[in-house]
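Structural overview for review
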Amino acid sequence: MWRDLGKDLKICEAATPGPWSVAIDPELVLQDRNDAEVVWIAGCDFGKEQPKGKENARFIAEARVGWPQTIRYAMKLEEEIGRLREENAMLLEQLNQRGCRV
């Protein structure tokens, strides 16, 4: 099942801008460090109950910048694929009109 990239991008853009970073103070904290101002995003315990807490927090922090970039890139690729399909159809039609077999 394909995701709605436009909707996903709106979700990303509605969040605190980022880039986000991870700090341990004393719990694991996601924070936004734009313009030298630290904005607390979220915190969680990464003790025995959360053995992947640090890795999960890093993923979330990196995804704040990486996911919107990836979505925009995928959307541009979809546009380019559409353009190339139209161009290909036009060229095939021109060849067909000239009696060329493809």
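Residues numbered from 1 in each chain as written. Predicted model: local features only at pLDDT ≥ 70, side-chain atom pairs only at ≥ 80, totals over all residues. Heavy atoms only, no water.

**Focus on the environment of valine 29**
Quick note on the threshold: Helix numbering and strand numbering both begin at the N terminus, where a helix is a DSSP run of H or I of at least 4 residues and a strand a DSSP run of E of at least 2. Per-residue accessibility, obtained with a 1.4 Å probe over protein chains only, is compared with the maximum for each type, and a residue is labelled buried under 20%, exposed over 50%, and partly exposed between these values. Any two residues having at least one pair of non-hydrogen atoms within 4.5 Å are treated as being in contact.
One can find valine 29 in strand E2 (residues 28–32). When its relative accessible area of 6% is taken as the criterion, valine 29 is described as buried. In this structure, the C-alpha to C-alpha distance between valine 29 and alanine 61, residues 32 residues apart in sequence, is 9.9 Å. Valine 29 has contacts with Ser21, Val22, Ala23, Trp40, Ala42 and Gly43, leaving out every residue within four places of it along the chain.

**Here's the deal with the sheet that holds strand E3 (residues 39–44)**
Through backbone hydrogen bonds, the strands of a sheet pair up, either in parallel or in antiparallel fashion. Inclusion rule: Whether two strands pair comes down to DSSP finding at least two bridges between them. Only the stretch in contact is used when a helix axis is fitted, and all axes are lines through C-alpha atoms; the angle between N-to-C directions ranges over 0 to 180 degrees.
Across the sheet, which stays open at both edges, the three strands sit in the order E1-E2-E3 with antiparallel pairing between neighbours. Either end of the sheet is taken by a strand with one partner, and the two such strands are strand E1 (20–24) and E3. Averaged over all neighbouring strand pairs, the angle between strand axes comes to 25°, with direction disregarded. Bridging between E1 and E2 involves five bridges; their strand directions are antiparallel. The residue bridging alanine 23 from the neighbouring strand is valine 29, located in E2. Against the sheet, helix H2 (residues 53–97) makes contact with E1 and E2, and its axis sits at roughly 155° relative to E1, the strand it touches most.

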